[in-house]
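Structural characterization, general
Here is how the chains run, residue by residue.
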Amino acid sequence: MRYEVLDINIDYQKIHVDNGGFQPKMSIYLPDNSPEIQIDRKHPTVVICPGGGYAMTSDREAEPIALRFVAAGCNAVVVRYSCAPARFPAALLELSYAVAKVREKAQEWNVDTDKIAVCGFSAGGHLAASFSTLWNRDFVKDYFHYQGRENQPNGMILGYPVITSGEHAHWGSIENLLGEKTADSVLLELVSVEKQVSDDTPPAFIWHTFDDTCVPVENSLLLAQALAAKKISTELHIFPSGPHGLSLSSEETAGDPSMIVPECQVWIDMAIRWLKNL
């Protein structure tokens, strides 16, 4: 396996954001091709956004997730994006940079360019889903001078995602994302993902637990409903019980015993199968 860490370079002055001097990075995990298997095979690629309420990025939802995808023959990229005090759209542009880099390096990294998915958990799920609805907006395209679909995601994989800025919002994430601009009704609606779904939004794999007391399950339901309204293919799994932030839901990523929920552990295998079938 090849492993490399690359800087993500954004001009924060240009977008009027103070990111506190943080240097966002993307960690690349690439399985080696072998002449014993298929020397020229192309790999599905997942670009992972760990959660953390837009206050930090969790280790529990970073490398352990990447390694499971790599073990299944996928490329994986973990994005350590800017969090508070950085505000919208810093993290969104950083994710766009990462996805465009995957497409730019497709030949060198053996990328299947029809199977590039963004993956996120909790607030990282908001970032992945928000990017999936806003990737082709003018403010993104104009910043990078994109001429086509350089940053297009082919799918999104979301675990217990923050979605809405409405009734069922996880306000801690929204406040960290917007800061003093939470009073801006236009911006507040822009970051409410279910309101931004369009015909250019990619297919989705979504999972949540019904009794999540941190990010209500309605977040995933609202997004699934919006995707269905646009007839965008969606695979949705609501597990009966489990605390927020399960990650792999196993001992490997458990912060404490309550984070081990065997019934939820199947999500990763289902997501890998979904990605390969995009």
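Let us look at the structure shown here. If you're wondering where the values come from, they're calculated on a predicted model, not measured in any experiment.

Bringing the overall build of the chain into the picture now. In terms of regular secondary structure, the chain is built from 8 helices and 8 strands. Here the C-alpha atoms of the chain give a radius of gyration of 17 Å, agreeing with the 19 Å that 2.2 N^0.38 yields for 278 residues. Referenced to the eigenvectors of the C-alpha coordinate spread, the extents of the chain come out at roughly 60 × 45 × 40 Å. Residue burial in the chain is summarised as follows: out of 278 residues, 58% are buried. Taking the contacts inside the chain whose residues are at least 6 apart along the sequence as the reference set, 75% of them involve residues at least 24 apart. As displayed, the chain offers around 11600 Å² of accessible surface, 49% of which is attributable to carbon and sulfur atoms. Separation between the mean location of the 22 positive side-chain charges and that of the 35 negative ones in the chain comes to 6 Å.

If you walk across this open sheet you meet the 8 strands as E1-E2-E4-E3-E5-E6-E7-E8, and the pairing is mixed. Every interior strand has two partners, whereas the edge strands, strand E1 (2-7) and strand E8 (234-239), have only one. Across the sheet, the mean angle separating the axes of adjacent strands is 15° when strand polarity is ignored. Where helix H3 (residues 123-134) meets the sheet, it contacts strand E3 (43-49), strand E5 (111-121) and strand E6 (155-159), and its direction lies at approximately 135° from that of E5.

Geometry of a packed helix pair, given as the angle between the helix axes and the separation of the axes. With their axes 10 Å apart at the nearest point, helix H1 (residues 63-71) and helix H8 (residues 267-276) run at an angle of 55° to one another. If you check the angle between H1 and H8, you find them oblique. Considering how the two elements wind past one another, H1 and H8 form a crossing that is right-handed. For the pair H1 and H8, contact is made by Ile 65, Arg 68 and Phe 69 and by Trp 267, Ile 268, Asp 269, Ile 272 and Leu 275, respectively. In terms of residue class, the contact of H1 with H8 is built from 6 nonpolar, no polar and 2 charged.

Turning our eyes to something else, we now look at a nonpolar patch on the surface. There is a patch of nonpolar side chains on the surface, built from Met 1, Tyr 3, Val 5 and Leu 67 and spanning about 370 Å² of accessible area. Mapping Leu 67 onto the fold places it in helix H1. Relative accessible area serves as the criterion here: at 36%, Leu 67 is assigned to the partly exposed category.

Once that is clear, we can look at the packing of aromatic side chains. Going through the model one piece at a time under the given rule, you end up with 11 aromatic pairs. On the numbers, 6.0 Å between centres and 55° between planes, the contact of Phe 88 with Phe 139 is tilted. With Phe 88 in the loop between strand E4 (75-80) and helix H2 (90-104) and Phe 139 in helix H4 (residues 138-144), this residue pair connects regions lying 51 residues apart in the sequence. For Phe 139, a relative accessible area of 30% corresponds to the partly exposed category.

The subject of this paragraph is the nonpolar core. Judged by nonpolar contacts, the single largest core of 65 residues is most densely connected at Ile 10, Met 26, Val 47, Phe 88, Leu 95 and Leu 223. Ranked by the residues each element gives to this core, the list is headed by H2, at 10 residues. Sequence-distant contacts of Leu 95, that is, excluding residues within four places in its chain, are made with Val 47, Cys 49, Val 79, Val 118, Leu 127, Ala 128 and Phe 131. Formed by 30 residues, the second largest nonpolar core is a distinct cluster that contains Ile 48, Ala 62, Val 78 and Ile 268.

Calculation criteria
- Residues numbered from 1 in each chain as written.
- Predicted model: local features only at pLDDT ≥ 70, side-chain atom pairs only at ≥ 80, totals over all residues.
- Heavy atoms only, no water.
- Helix = DSSP H or I, 4+ residues; strand = E, 2+ residues; numbered from the N terminus.
- Rg over C-alpha atoms; globule rule 2.2 N^0.38 Å.
- Buried < 20%, exposed > 50% of the residue type's maximum accessible area, 1.4 Å probe, protein only.
- Contact = heavy atoms within 4.5 Å.
- Areas by Shrake-Rupley, 256 points an atom, 1.4 Å probe, with all protein chains shown as cover.
- Lys, Arg positive; Asp, Glu negative; His and termini not counted.
- Charge placed at Lys NZ, Arg CZ, Asp CG, Glu CD.
- Pairing = 2+ DSSP bridges.
- Axes fitted to C-alpha atoms, helices over the stretch in contact; angles between N-to-C directions.
- Parallel < 35°, antiparallel > 145°, perpendicular 65-115°, else oblique.
- Left-handed = near helix turned anticlockwise from the far one by under 90°.
- Nonpolar A, V, L, I, M, F, W, Y, C, P; charged D, E, K, R; others polar.
- Patch = residues over 30% accessible without salt bridge, like charges linked within 9 Å, V, L, I, M, F, W, Y side chains within 5 Å.
- Salt bridge = Lys/Arg side-chain N within 4 Å of Asp/Glu carboxyl O.
- Phe/Tyr/Trp six-rings, centres within 6.5 Å; stacked < 30°, edge-to-face > 60°.
- Core = buried A, V, L, I, M, F, W, Y, C linked by side-chain atoms within 4.5 Å.

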